[in-house]
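Coordinates in review
For reference, the chains in residue letters:
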Amino acid sequence: RVVVINVWGQWCGPCRTEIDQLQKVYDATRETGVAFLGINVRDYNRAAAQDFIADRGVTFPSIYDPALRTLIAFGGKYPTAVVPSTLVLDRRHRVAAVFLRELLAGDLQPVVQRVAAEEPPGPT
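The residue numbering used here restarts from 1 in each chain and proceeds along that chain's sequence as written. Two thresholds apply to this predicted model, a pLDDT of at least 70 for residue-level local features and 80 or more for giving and counting side-chain atom pairs, whereas whole-chain, interface and lining totals are computed over all residues. Values shown for side chains rest on all heavy atoms present in the structure; no hydrogens or waters enter the calculation.

Before going further, it helps to spend a moment on the pattern of salt bridges. Every case where a carboxyl oxygen of Asp or Glu lies within 4 Å of a side-chain nitrogen of Lys or Arg is listed as a salt bridge. Under the criterion given, the structure shown has three salt bridges. Taking the shortest distance from any N to any O, the salt bridge between arginine 94 and aspartate 90 comes out at 2.8 Å. Between aspartate 107 and arginine 101 there is a salt bridge, with the nearest N and O atoms lying 3.3 Å from each other.

Next comes the structure, spelled out in structure tokens:
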């Protein structure tokens, strides 16, 4: 599967704008083998983060990671201080795109569709 990872926080102004755009891209691409995962960071009020997702009708999964452990597991290859940020992983889970800013659906969707249209990996 192609995977889109979005790093967000309910305290982040650009994240508040971007989340609806991400949901649009998720809705438009999930049937083509695209998965989304949100990573909620530096947000020490879990209830506020959960309310943020519920209030905006976000249907893709998001994990609560205030200590940034998930991002640290990427081995320091991507900034942990940039929120929002979005990674697009191809079907082999290689990084195909990195966005270190707020996204509009028009920015993200063409990239996701291009990566999703790539030939799936063959048997190894």
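Segments assigned H or I by DSSP are reported as helices when at least four residues long, segments assigned E as strands when at least two residues long, and all are numbered from the N terminus. By the secondary structure assignment, alanine 49 is in helix 2 (residues 46–55). On a C-alpha basis, the gap between alanine 49 and lysine 77 in space is 26 Å, while along the polypeptide they are 28 residues apart. Note on contacts: a residue pair is in contact if any heavy atoms of the two residues lie within 4.5 Å. Apart from residues lying up to four places away in sequence, alanine 49 is in contact with Trp8, Gln10, Asn40, Asp43 and Tyr64.

Read from one edge to the other, the open sheet built from five strands follows the order 3-2-1-4-5, with strand pairing classed as mixed. This sheet does not close on itself; its edge strands, each paired only once, are strand 3 (62–64) and strand 5 (95–99). Neighbour-to-neighbour, the strand axes of the sheet open up by a mean angle of 15 degrees, direction not taken into account. As a rule, the C-alpha atoms of each element are fitted with a line to give its axis, helices using only the stretch in contact, and angles between N-to-C directions run from 0 to 180 degrees. Here helix 1 (residues 13–29) sits on the sheet and contacts strand 1 (2–8), strand 2 (34–40) and strand 4 (85–89); the angle it forms with strand 2, its principal contact strand, is near 160 degrees. Packing against the sheet, helix 4 (residues 105–117) makes contact with strand 1, strand 2, strand 4 and strand 5, and its axis sits at approximately 20 degrees to strand 4. Strands are labelled as partners when DSSP assigns at least two bridges between them.

Two rings belonging to Phe, Tyr or Trp (six-membered ring only in the last case) form a pair when the distance between their centres is within 6.5 Å. Interplanar angles under 30 degrees mark stacking, angles over 60 mark edge-to-face geometry, and anything in between is tilted. All chains considered together, the criterion is met by four aromatic pairs. Taking 5.6 Å as the distance between ring centres and 65 degrees as the angle between the ring planes, the aromatic pair formed by tyrosine 26 and phenylalanine 60 counts as edge-to-face. Placement of tyrosine 26 in helix 1 and of phenylalanine 60 in the loop between helix 2 and strand 3 is noted, with a sequence separation of 34 residues between them. Pair check on accessibility: tyrosine 26 and phenylalanine 60 agree, each one buried. By way of ring pairs, the aromatic residues Tyr26, Phe36 and Phe60 are connected into one cluster. Relative accessibility under 20% of the residue-type maximum defines a buried residue, over 50% an exposed one, and the middle range a partly exposed one, all with a 1.4 Å probe and only protein chains included.

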